[in-house]
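# Structural overview for review
What follows is each chain in one-letter form.
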Amino acid sequence: MKSFSASDAKNRFGQLIDMAQAEPVRVQRQGRDVAIVLSPEEFRRMAEAARGKVNPAVERLHADSAKRWASVYEALAK
């Protein structure tokens with residue numbers, strides 16, 4: 001991950017956002033991380049992963065399996 005000081009990030013903001021399209025960029029102030037700049041696509045991917053969003057194909061397979069095995073699941077639940 002590339003790093004910028006806070007003052008460099010301010011002075012070279014255009015370059016910072018261009019770099020963030022390829023990979024997250026760390027912004028530091030006095031040697032401490034204060035921000036991570038990332039692309040909207042990467043943010044969406046991370047947000048969906050954090051929400052536990054499941055691939056639609058997996059959801060479909062799970063629903064098919066639940067229908068097929070419903071009687072077994074009901075018998076086991078008793």
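Residues numbered from 1 in each chain as written. Predicted model: local features only at pLDDT ≥ 70, side-chain atom pairs only at ≥ 80, totals over all residues. Heavy atoms only, no water.

### Remarks on the pattern of salt bridges
The test is simple: One speaks of a salt bridge when a side-chain nitrogen belonging to Lys or Arg is within 4 Å of a carboxyl oxygen belonging to Asp or Glu. For every residue, the accessible area obtained with a 1.4 Å probe (protein chains only) is divided by the maximum for its type, and the residue is called buried under 20%, exposed over 50%, and partly exposed between those limits. Every helix listed is a DSSP run of H or I at least four residues long, and every strand listed is a run of E at least two residues long, numbered separately from the N terminus.
On inspection of all chains with the given rule, the structure shows two salt bridges. Put simply, D33 and R26 hold a salt bridge, and the shortest N to O gap is 3.7 Å. Given a relative accessible area of 47%, D33 falls into the partly exposed group. The partly exposed category is assigned to R26, whose relative accessible area is 25%. Linking E42 and R45 is a salt bridge whose minimum nitrogen-to-oxygen distance equals 2.7 Å. Of this pair, E42 and R45 both sit in helix α3 (residues 40–51), three residues apart, roughly one helical turn. On the accessibility criterion, E42 (23% relative accessible area) is partly exposed.

None of the figures reported here should be taken as evidence of function without further support.
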